[in-house]
Amino acid sequence: MGVFKKLFGGGKKVSKETLETRGEHMPDLKIPVDEKFTIYFKKNGGKFIYCEDFSEVSEALKNIISENDWQNHLFYSMNPQLETRFASEKLEFTDNRQESDIFFTTCEHLVAHNGSILVCSNQIKEKKLDELPSNLIVFATTSQLVDSISEALKIIKERYQKNIPNNITTLKHFQRTQENKDDFLSYGSASKNVYLLLLEDY
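Remember, it's a predicted structure, so these values are computed and weren't measured experimentally.

Can you break down the packing of aromatic side chains residue by residue, with the values?
The final tally for this structure, using the stated rule, is 11 aromatic pairs. Considering the side-chain rings of Phe-41 and Phe-174, the 5.0 Å spacing of their centres and the 55° angle between planes classify their relative orientation as tilted. Separated by 133 residues along the polypeptide, Phe-41 in helix 3 (residues 33-43) and Phe-174 in the loop between strand 9 (169-171) and helix 8 (178-181) bring together distant segments of the chain. Look at Phe-41 and you get buried, because its relative accessible area is 0%. According to the relative accessible area criterion, Phe-174 is buried, its value standing at 0%.

Laid out in structure tokens, this is it:
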């Protein structure tokens, strides 16, 4: 997506003033879906790395592990396909929640309207968000970006038809910022330290 190259390649960026002067319940910015997601995801406290190919995903993952001293940590995973895809990264996986404080997962969609990550039983089984580790690494692709939750649910319904997954929820409250600390709507929500590895696939 061109906008990510613009945002991370030194091009014109969305002004900080535009973001700061808008309330959460004001009408959506008339900007592309990918740019809107970037604004709200960062506002929620999320950290993401845009990658043009899988070698950049690999490098970004190494940097995340190094930055957090996770070299000898087990990665909690409920997705054998994801484990296979990242087999060359020499990660040690576990399916025992008690053995890890890092959850490595995919998602269904990235929702631009509020910068959230939509997951379901395909990713988290029947677990509640507060049962997951406090550190999350999410691997997603740019084709998973949608404008709204209703659009995401419509796609899920069409994709899975008679086998619609349950436990559909969104991750929205990431590492606490002063802004979302003061947001009474986020009170009681499970706050997570979230890294998003976003692979270009258009």
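Lay out unusual backbone geometry with the relevant residues and their values.
Backbone geometry places Asp-69, a non-glycine residue, at a positive phi of 55°. Structurally, the position occupied by Asp-69 is in the loop between helix 4 (54-68) and strand 2 (74-76). Even without being a glycine, Gln-161 presents a positive backbone phi close to 50°. Mapped onto the fold, Gln-161 is located in the loop between helix 7 (149-160) and strand 9. A residue is classified by how much of its surface remains accessible, and Gln-161, at 58% relative accessible area, is exposed.

How would you explain the pattern of salt bridges if you had to name every residue and give the values?
Going through the model one piece at a time under the given rule, you end up with 3 salt bridges. In this structure, Lys-36 engages Asp-147 in a salt bridge whose closest nitrogen and oxygen atoms are separated by 2.8 Å. Here the residue Lys-36 occupies a position in helix 3, and Asp-147 occupies one in the loop between strand 8 (145-146) and helix 7, the gap between them amounting to 111 residues. Of the residues examined, Lys-36 reaches a relative accessible area of 4% and is grouped as buried. A salt bridge links Glu-108 to Arg-159; its shortest N-O distance comes to 2.8 Å. Residue Glu-108 is located in the loop between strand 4 (102-105) and strand 5 (109-111), and its partner Arg-159 is located in helix 7; the two are separated by 51 residues in the primary sequence. Assessed through its relative accessible area of 4%, Glu-108 is described here as buried. For Arg-159, a relative accessible area of 42% puts it in the partly exposed group.

Rules behind the numbers
Residues numbered from 1 in each chain as written. Predicted model: local features only at pLDDT ≥ 70, side-chain atom pairs only at ≥ 80, totals over all residues. Heavy atoms only, no water. Phe/Tyr/Trp six-rings, centres within 6.5 Å; stacked < 30°, edge-to-face > 60°. Helix = DSSP H or I, 4+ residues; strand = E, 2+ residues; numbered from the N terminus. Buried < 20%, exposed > 50% of the residue type's maximum accessible area, 1.4 Å probe, protein only. Salt bridge = Lys/Arg side-chain N within 4 Å of Asp/Glu carboxyl O.

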